[in-house]
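Results of the structural survey
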Amino acid sequence: MTNFIPIFPLGIVVYPGENLNLHIFEPRYRQLINECYSAKKPFGIPTVIENKLKDYGSLVEIKEISAVHENGEMDIKTRGLRIFRILELIKEVPDKLYSGAIVNYPETYEQGNPELMCKVMNSIRDLHRLLKVNKEFKKQDEELKAYDVAHHIGLSLEEEYELLMLPDERQRQEYLKRFLTKVIPMVAGMEQL
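Residues numbered from 1 in each chain as written. Predicted model: local features only at pLDDT ≥ 70, side-chain atom pairs only at ≥ 80, totals over all residues. Heavy atoms only, no water.

Here we take up the environment of Glu160. Among the secondary structure elements, Glu160 is positioned in helix 4 (residues 157–165). Relative accessible area serves as the criterion here: at 11%, Glu160 is assigned to the buried category. C-alpha of Glu160 to C-alpha of Lys119: the two residues are 41 residues apart in sequence and 20 Å apart in space. For Glu160, the contacting residues outside a window of four places in its chain are Val13, Tyr15, Ala150, His151 and Leu155. (Helix = DSSP H or I, 4+ residues; strand = E, 2+ residues; numbered from the N terminus. Buried < 20%, exposed > 50% of the residue type's maximum accessible area, 1.4 Å probe, protein only. Contact = heavy atoms within 4.5 Å.)

Structure (structure tokens):
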């Protein structure tokens, strides 16, 4: 399926299922949020890395507008829905301040390997112990997806983006496992210093 979506490029990666709070201050994005909220339509957050708009991002829905300030700025709560890929950037949308894009939605496979996810979670807990971080996840280990934990292990923005582009949950789990296998010995070594 291909369609047009308004876009709000940001220097972050948003994953499907992720809740994200945003403060909206630019007039073009205030217009985008007001229109999407009124029409109950989602918008896209494509990732920006080193001032370059990347092809992949997440479609997000607006859960609520939490606050509208006197100057028109607003605080909103959003939730990631699904991954999109930009086919064509539309810099100027008629009668709009914001940009848009023609996108498609790559097929993704969400069936992971529960045993592998349990191993990944054990490694995450090892990492958190080394870092003296206390983080509770809201689901049982075998119910968690790679996207649920990716922001909690120290991936760089580029690595979070690489994970976003992987279409298969097993690939994403393997990616996290490899990252943790590499980073835990480094953190343990730093701890010994």
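Let us keep going from here.
Another point: unusual backbone geometry. Despite not being glycine, Lys40 shows a phi value in the positive range, around 55°. When you line up the elements, Lys40 lands in the loop between helix 1 (27–39) and strand 3 (43–49). According to the relative accessible area criterion, Lys40 is exposed, its value standing at 74%.

Before going further, it helps to spend a moment on the pairing of strand 4 (residues 52–68). Here 6 bridges tie strand 3 to strand 4, and the two strands are oriented antiparallel to one another. By the bridge assignment for strand 4, Ile49 is matched with Lys52. Hairpin geometry of strand 3 and strand 4 is characterised by an intervening segment of 2 residues between the two adjacent antiparallel strands and by a positive phi of about 50° at Glu50. Pairing of strand 4 with strand 5 (residues 74–90) involves 11 bridges; the strand directions are antiparallel. Bridging across to strand 5, Ile65 finds its partner in Ile76. Turn length for the strand 4-strand 5 hairpin, with the two strands adjacent in sequence and antiparallel, is 5 residues, and the turn residue Gly72 shows positive phi of about 95°. (Pairing = 2+ DSSP bridges.)

All right, on to the layout of surface pockets then. For the largest pocket, the calculated volume is near 670 Å³. Lining the largest pocket are 24 residues, and of these Gly17, Glu18, Lys139, Tyr147 and Asp148 lie nearest its centre. For the lining of the largest pocket, the elements supplying multiple residues, two or more each, are strand 5 and helix 3 (146–149). In terms of residue count, strand 5 provides more of the lining of the largest pocket than any other element does, 4 residues in total. In terms of residue class, the lining of the largest pocket is built from 9 nonpolar, 5 polar and 10 charged. A volume near 230 Å³ is recorded for the second largest pocket. (1 Å grid on protein atoms, 1.4 Å probe; cavity = no way out; pocket = protein on both sides within 12 Å on 5 of 7 lines; lining within 4 Å. Points joined across faces, edges and corners; volume = space filled by probe spheres on them. Nonpolar A, V, L, I, M, F, W, Y, C, P; charged D, E, K, R; others polar.)

Quick look at the pattern of salt bridges now. Counting across every chain of the model gives 9 salt bridges. Sharing partners across several salt bridges, the network here consists of Glu110, Glu169 and Arg172. (Salt bridge = Lys/Arg side-chain N within 4 Å of Asp/Glu carboxyl O.)

On to the packing of aromatic side chains, then. Per the counting criterion, the structure on display carries 4 aromatic pairs. Between Tyr15 and Tyr147, the aromatic rings sit 4.8 Å apart at their centres with planes inclined by 15°, giving stacked as the arrangement. Linking Tyr15 in the loop between strand 1 (2–6) and strand 2 (19–24) with Tyr147 in helix 3, this pair joins segments that are 132 residues apart in sequence. Just as Tyr15 is buried, Tyr147 falls in that class too. (Phe/Tyr/Trp six-rings, centres within 6.5 Å; stacked < 30°, edge-to-face > 60°.)

Counting 29 residues, the largest nonpolar core has Ile124, Val149, Ile153, Leu155, Leu176 and Leu180 as its most contacted members. Mapped by element, the contributors of at least two residues to this core are helix 2 (114–131), helix 3, helix 4 and helix 5 (169–192). The element that contributes the greatest number of residues to this core is helix 5, accounting for 7 residues. Listed in part, the 17 residues of the second largest apolar core include Ile33, Cys36, Ile62 and Tyr98. (Core = buried A, V, L, I, M, F, W, Y, C linked by side-chain atoms within 4.5 Å.)

Read these as layout, nothing more, since geometry by itself doesn't imply function.
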